[in-house]
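Chain by chain, the residues run as shown.
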Amino acid sequence: MTSAPASATTILVPDFPFSYDSWLRHPVGLGTLPSAVHGAEVAVIGGGMSGLTAAYELLRLGLRPVLYEAERLGGRMRSTPFPGNPDYTAEMGAMRFPVAARSLFHYIDLLRLRTHPFPNPLAPATPSTLIALNGDREWARTPQELPDVYQEVASAWDKALQERAGLAVLRAAARRRDVGSLKSLWNRLVEQFDDQSFYGFLATSPTFQSFRHREIFGQVGFGTGGWDTDFPNSMLEILRVVVTEADDDQVAIVGGSSQLPCGLWEHRPTALAHWPRGTSLASLHGGRPRPAVTRLRRAADGIRVTDVSGEEREFPAVVFSPQVWTLLHRVDCEPALLSTPLWTAVERTHYMGASKLFVLVDRPFWRDTDPVTGQDVMGMTLTDRMPRGVYLFDEGPDRHAVMCLSYTWNDDSLKVATLSAEERLEGMLAQLGAIYPGVDIRSHIIAGPLTVTWETEPRFMGAFKSNLPGHYRYQRRLFTHFMQDGMASEQRGFFLCGDDISWTGGFAEGAVTTALNTVWGVLHHLGGATHPDNPGPGDLFDAFAPLELPYD
């Protein structure tokens, strides 16, 4: 089990630097509700990490969460077993988690899940990395082993961050949890960079005047690999990742990430209001969540939820955790439940696309030594060709192993979106055959291929949120939606959460923290309160509120 050490960096998001992990850990709990509402039903729509976090904590507060899920529990924490080999899984969605994600690790530790270092490019746990760009191949085990041009690119990136964004000072404030300094520094960066793209930042940085350097940086990137598919996104999105070190020191969950949300479904909390010991979300649902929600309407005493079976139920509060685009087509949502500015933010939401291709092989043959070169016959691979990223997972020489033969984003994902799993496999094997001409990958495959393209998944329509330049105002509207005292009465009681509501789209930490915002929101909406010694995100909102940029 991997716990984040007390001195480690935490994902203290500078837009709203509330310490969710401290709120979770406090012995007095997240709050209390009036006994009159104990056992009251509250709808939670979506059984991914955000929905199950919200449902689990609402259960602990003494409410009866009614969970609706259209497909399977887990959402984008989707660990898919290989047919005929169920002990081996492909991580179709979330697969690597920074130890800085303290709120997420609260639940990882609660469920006693084991983790191990993720084999990112050039990471200490990665035996070897091959970078194949423009027809050239470079092997390395550490960044220092790469040719000088890569050292120049790494230096250019570091200098750009230090000189234009004051990265060292920002990180120091985050590590100290010096909220005042962090907010002051970050708010200036919001005003400066909201309208600038990632590529624009690089191209206007004195250290990145070489196009070759920008091209290499786009292919190799930092931390988890190439970032050129993020070039159109707002520079603020990238700065959040580097300030919080979310792209560093990442781990995988042994046995699959879906154990985390599914574990919360089954877990029996020891500290429960109202419910008898041994109660779990699963036990309250008879082991099965309610089916997909098709309709949301305002009712006299709350919100009426209709599911695909035609059953209608009314709830005093509803937590909605799926990606917000589903409100445009998949769920017939009464317009009055959200304000017009909120609907605009929903419409303007931008999702990154992503595709993956996995196979199961007989053994980790990539660890074999090439007798000619003395190198491993294969390594974790970054390339400018179709596979883009190849990840290798093994549990020892005497066991089967998993290969992610391709991990692509946005335009690279669209290149394979219309291909079948078999067509994708043939294409990737051909490309990798050119990179590794002496390696017969096909002869080792025993199961698969397993594939996913998140932008064509009907309940998702994208991998995760990533704001474009000028989208800060929209993101602020979505994130602050849990603060409802100033809203019209017909809009209260409907709460949005999920990583696309958070400031850190694509990280499970954002799914968890926005779920905790809705827990505070429901608590407040139903007449409950936090303990004075452990104020929640809404109690401290005025002190931590995201900067409000002018609209006119």
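These numbers come from a predicted model, not from an experiment.

Asks: Just to check I follow, could you spell out the side chain of Glu509 for this structure?
Replies: Residue placement: Glu509 occurs in helix α16 (residues 508-525). Salt bridges are absent for the buried Glu509, whose nearest opposite-charge side chain, Arg102, sits at 8.0 Å.

Asks: What exactly am I supposed to notice about the sheet that holds strand β13 (residues 318-320) here?
Replies: In a beta sheet, neighbouring strands are held together by backbone hydrogen bonds and run either parallel or antiparallel to one another. Read from one edge of the open sheet, four strands run β2-β1-β13-β22, paired in parallel fashion. Edge positions in the sheet fall to β2 (64-68) and β22 (494-496), since each has one partner strand and no second. Neighbour to neighbour, the strand axes of the sheet diverge by 20 degrees on average, direction disregarded.

Asks: Is there a simple way to explain the nonpolar core in this structure?
Replies: Core analysis: the biggest nonpolar cluster contains 133 residues, and Leu104, Trp157, Leu239 and Leu260 have the highest contact counts within it. Residue contributions to this core peak at nine residues, all from α16. With 27 residues, the next largest nonpolar core counts Leu296, Cys333, Leu337 and Leu496 among its residues.

Asks: Before we go on, may I ask you to explain the packing of aromatic side chains in this structure?
Replies: Given two aromatic rings, their pairing is described by the distance between the two centres and the angle made by the two planes. Per the counting criterion, the structure on display carries 34 aromatic pairs. The interplanar angle of 90 degrees and the centroid separation of 6.3 Å between the aromatic rings of Tyr56 and Tyr107 together place this pair among those described as edge-to-face. Of this pair, Tyr56 sits in helix α2 (residues 49-60) while Tyr107 sits in helix α3 (residues 102-110), placing them 51 residues apart in sequence. Residue Tyr56 is classed as buried on the basis of its relative accessible area, which comes to 3%.

Asks: What exactly am I supposed to notice about the sheet that holds strand β12 (residues 312-315) here?
Replies: With mixed pairing, the four strands of this open sheet are ordered in space as β12-β11-β10-β14. Two strands lie at the open edges of the sheet, namely β12 and β14 (332-333), each paired on one side alone. The pairing of strand β11 (residues 302-307) with β12 spans four bridges and is classified as antiparallel. Along β12, the bridge assignment pairs Val305 with Arg313.

Asks: In this structure, what is going on with the packing of helix α5 (residues 167-176) against helix α6 (residues 179-193)? I would like to understand it.
Replies: If you want to describe how two helices pack, look at the angle between their axes and the distance between the axes. The geometry of α5 relative to α6 is characterised by a closest axis approach of 9 Å and an angle of 145 degrees between their N-to-C directions. The handedness of the crossing between α5 and α6 is left-handed. Taking contact as the criterion, the partners of Val169, Leu170, Ala173, Ala174 and Arg176 in α5 are, on α6, Ser181, Leu182, Leu185, Trp186 and Leu189.

Asks: What exactly am I supposed to notice about the environment of Met428 here?
Replies: As for its position among the elements, Met428 is in helix α14 (residues 421-435). Residues in contact with Met428, not counting those within four places in the same chain, are Leu357, Met386, Pro387, Ser406 and Val416.

Asks: How should I be thinking about the pairing of β11 in this particular structure?
Replies: Side-chain positions along a regular strand alternate between the two faces of the sheet. Among the six residues in β11, five count as buried, and that is most of the element. Bridge count between strand β10 (residues 293-299) and β11: six bridges; the pairing is antiparallel. Residue pairing across strands places Leu296 opposite Val305, the latter belonging to β11. The hairpin formed by β10 and β11 contains two residues between the paired strands. Linking two consecutive strands that pair antiparallel, namely β11 and β12, is a turn of four residues; a positive phi of about 95 degrees is found at Gly310 within it.

Asks: Can you walk me through the pairing of strand β4 (residues 85-91) in this structure?
Replies: In this structure, strand β3 (residues 79-82) lies alongside β4, joined through four bridges in antiparallel fashion. Paired with Phe82 across the strands is Asn85, a residue of β4.

Asks: Got a minute to help me understand α2 in this structure?
Replies: Residues spaced three or four apart along an α-helix point in a common direction, a consequence of the helix completing one turn every 3.6 residues. Here α2 is twelve residues long and its end C-alpha atoms lie 17 Å apart, about the 16 Å a rise of 1.5 Å per residue gives. The buried fraction of α2 is high, at eleven of twelve residues. Listing the buried residues of α2 in full gives Met49, Ser50, Gly51, Leu52, Thr53, Ala54, Ala55, Tyr56, Glu57, Leu58 and Leu59.

Asks: Looking at this structure, how should I read unusual backbone geometry?
Replies: As a rule of thumb, non-glycine residues mostly have phi less than zero, and peptide bonds are mostly trans rather than cis. In this structure, the amide linkage connecting Gly448 to the following residue, Pro449, adopts the cis form with an omega of 10 degrees. Inspection of the secondary structure puts Pro449 in strand β20 (residues 445-453). Look at Arg388: it is not a glycine, yet its phi comes out positive at around 60 degrees. Position of Arg388 among the secondary structure elements: in the loop between β17 (380-383) and β18 (389-394).

Rules and cut-offs
- Residues numbered from 1 in each chain as written.
- Predicted model: local features only at pLDDT ≥ 70, side-chain atom pairs only at ≥ 80, totals over all residues.
- Heavy atoms only, no water.
- Helix = DSSP H or I, 4+ residues; strand = E, 2+ residues; numbered from the N terminus.
- Buried < 20%, exposed > 50% of the residue type's maximum accessible area, 1.4 Å probe, protein only.
- Lys, Arg positive; Asp, Glu negative; His and termini not counted.
- Salt bridge = Lys/Arg side-chain N within 4 Å of Asp/Glu carboxyl O.
- Pairing = 2+ DSSP bridges.
- Axes fitted to C-alpha atoms, helices over the stretch in contact; angles between N-to-C directions.
- Core = buried A, V, L, I, M, F, W, Y, C linked by side-chain atoms within 4.5 Å.
- Phe/Tyr/Trp six-rings, centres within 6.5 Å; stacked < 30°, edge-to-face > 60°.
- Left-handed = near helix turned anticlockwise from the far one by under 90°.
- Contact = heavy atoms within 4.5 Å.
- Expected span 1.5 Å × (residues − 1).

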